[in-house]
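# Observations on the model geometry
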Amino acid sequence: MLKAGFARLDVPPPLGSDLSGYFYRRLAKGVRDPLYLNAVAIGVGEEKLILMAIDYIGIKMDHHIKIRKLIAERTGVAEDHILIAALHQHTSPCIADPEGRATALRDQTFIDVLYRKFADAAVMAVDDMKDATMRTAAREVAEPIAFVRRYFAADGSVQTNPDTDKYTLTGRCAEADNTMRLIRFCREGANDIALINFSTHPDVVSGEYISADWPGFTRRYVEEAIPGVSTIFFTGCQGDSNHIDFFKPKGHRLLDGNNRYGHAQYMGRVVADAVVSSWNTTREESVDGGIFAEHTVLY
């Protein structure tokens, strides 16, 4: 029998913390919207799997290993059955050593608390596990909001995030995936859980204020539209895609001109609408076992 549980904790870094994502330092001046750590625990028979997603730009491997070890000690779930993902918002911190990354978190007291929050969220998700069925859906969003950011130029070169004053673009190197993917866990006597996936860079808001960017708005809008649902979001492969269509004139690439925050809200709404439209047409999947394990390949 499949079981599923959910937990959420807020993980705001102290003001003055480094926001990572660019090649210069930005210190957080305030909070535009909250950052969360979300966790889903899944069980099939005696096996358990914990999936976690945090609204941070990254977690370096040495920290990742220590966090998984702590979670395994607290929950009894095998380390290779614990998957932790950072959603890569560029208005959030990076858990790394400052010596290796100039824009990493520097407050060791806060990092220690964050480790505890990872373990606490995992314990809470496991404790919340209820009998469940699993349903899935995939739907193209109504409007394309992801664009491959490499372009062919008239001079024969390939340009990433091209300067359109300098280069005449002749085509995209590829088309981005604008598919929303959904796993719905329908639970007995508890909130349903929505695991949502969409792929493009969460680098819309920018600036010096903490924000979960469009993934945060996606979760918020889904939970507003579907009462009683708990959402966890995962970004898919998005290193070569972002929110800008460079074939559009400069003043029309973002919603309302240069309103980056408004454009993040718009993107969150587009993905959330696809989730809501798919909610009652999901397909039930049989789950007989075979929980996967994580294996990291470094190259």
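In the block above lies the structure referred to throughout.
Residues numbered from 1 in each chain as written. Predicted model: local features only at pLDDT ≥ 70, side-chain atom pairs only at ≥ 80, totals over all residues. Heavy atoms only, no water.

## Overview of the pairing of strand β18 (residues 230-235)
- Counting buried residues along β18, six of its six residues qualify, which places the element largely inside the surrounding structure.
- Neither face of β18 is left uncovered, since the one carrying Ser230, Ile232 and Phe234 and the one carrying Thr231, Phe233 and Thr235 both have all their residues buried.
- With six bridges connecting them, strand β16 (residues 193-198) and β18 associate as parallel partners. Counterpart to Ile193 in the pairing with β18 is Ser230. (Buried < 20%, exposed > 50% of the residue type's maximum accessible area, 1.4 Å probe, protein only. Helix = DSSP H or I, 4+ residues; strand = E, 2+ residues; numbered from the N terminus. Pairing = 2+ DSSP bridges.)

## What about the pattern of salt bridges?
- For the structure shown, the criterion picks out 19 salt bridges.
- Across the salt bridge formed by Arg8 and Glu223, the nearest N and O atoms sit 2.8 Å from each other. Of this pair, Arg8 sits in strand β1 (residues 2-10) while Glu223 sits in helix α3 (residues 213-225), placing them 215 residues apart in sequence.
- Among the residues examined, Glu223 registers a relative accessible area of 24% and is labelled partly exposed. (Salt bridge = Lys/Arg side-chain N within 4 Å of Asp/Glu carboxyl O.)

## Details of the packing of aromatic side chains
- Enumeration according to the criterion identifies seven aromatic pairs in this entry.
- Aromatic pair Tyr151 and Phe247: ring centres 5.4 Å apart, planes at 75 degrees, arrangement edge-to-face. Here Phe247 lies in the loop between β19 (241-242) and α4 (260-278) and Tyr151 lies in strand β12 (residues 150-153), a separation of 96 residues in the sequence.
- Ring pairing ties together the aromatic residues Tyr151, Phe246 and Phe247, which thus form one cluster.
- Just above the ring of Tyr36 sits the side chain of Arg8; from NZ or CZ to the centre is 5.3 Å.
- Its guanidinium or amino end placed over the ring of Tyr261, Arg32 lies 3.9 Å from that ring's centre, counting from NZ or CZ. (Phe/Tyr/Trp six-rings, centres within 6.5 Å; stacked < 30°, edge-to-face > 60°. Lys NZ or Arg CZ within 6 Å of the ring centre and 35° of its normal.)

## Let's talk about the packing of helix α1 (residues 61-75) against helix α2 (residues 108-127)
- Remark: α1 packs on α2, axes separated minimally by 9 Å, with the N-to-C direction vectors making an angle of 45 degrees. By the angle class used here, α1 and α2 are oblique. Crossing handedness for the pair α1 and α2: right-handed. Residues His63, Lys66, Ile67, Leu70, Ile71, Arg74 and Thr75 of α1 form the contact with α2, whose participating residues are Ile111, Tyr115, Arg116, Phe118, Ala119, Asp120, Ala122, Val123 and Val126.
- Among the residues making up the contact of α1 with α2, the classes are represented as 10 nonpolar, two polar and four charged. (Axes fitted to C-alpha atoms, helices over the stretch in contact; angles between N-to-C directions. Parallel < 35°, antiparallel > 145°, perpendicular 65-115°, else oblique. Left-handed = near helix turned anticlockwise from the far one by under 90°. Contact = heavy atoms within 4.5 Å. Nonpolar A, V, L, I, M, F, W, Y, C, P; charged D, E, K, R; others polar.)

## A closer look at α2
- Between its terminal C-alpha atoms α2 stretches 29 Å, which fits the 28 Å expected from 20 residues at 1.5 Å a residue.
- Listed in full, the buried residues belonging to α2 are Phe110, Ile111, Leu114, Tyr115, Phe118, Ala119, Ala121, Ala122, Val123, Ala125 and Val126.
- Structurally, the start of α2 carries an N-cap: the backbone nitrogen of Thr109 is 3.1 Å from a side-chain oxygen of Asp107. (Expected span 1.5 Å × (residues − 1). Polar contact = N/O pair within 3.5 Å; in protein donor to acceptor, adjacent residues only side chain to side chain.)

## What to know about the environment of Ser241
- Within the secondary structure, Ser241 sits in strand β19.
- With 77 residues separating them along the chain, Ser241 and Thr164 place their C-alpha atoms 17 Å apart.
- When sequence neighbours within four positions are dropped, the list of residues in contact with Ser241 reads Phe147, Val148, Arg149, Ser199, Thr200 and His201.
- Within the structure, Ser241 has its side chain in polar contact with the side chain of Thr200 (distance 3.4 Å).

## Some remarks on the sheet that holds strand β14 (residues 169-172)
- With respect to topology, three strands assemble into an open sheet ordered β13-β12-β14, the strand pairing being antiparallel. If you trace the sheet from one side to the other, it starts and ends with β13 (158-160) and β14, each paired once. With strand direction ignored, the average angle separating the axes of adjacent strands in the sheet is 40 degrees.
- One ladder, built from three bridges, connects β12 with β14; its direction is antiparallel. Paired with Phe152 across the strands is Gly171, a residue of β14.

None of the figures reported here should be taken as evidence of function without further support.
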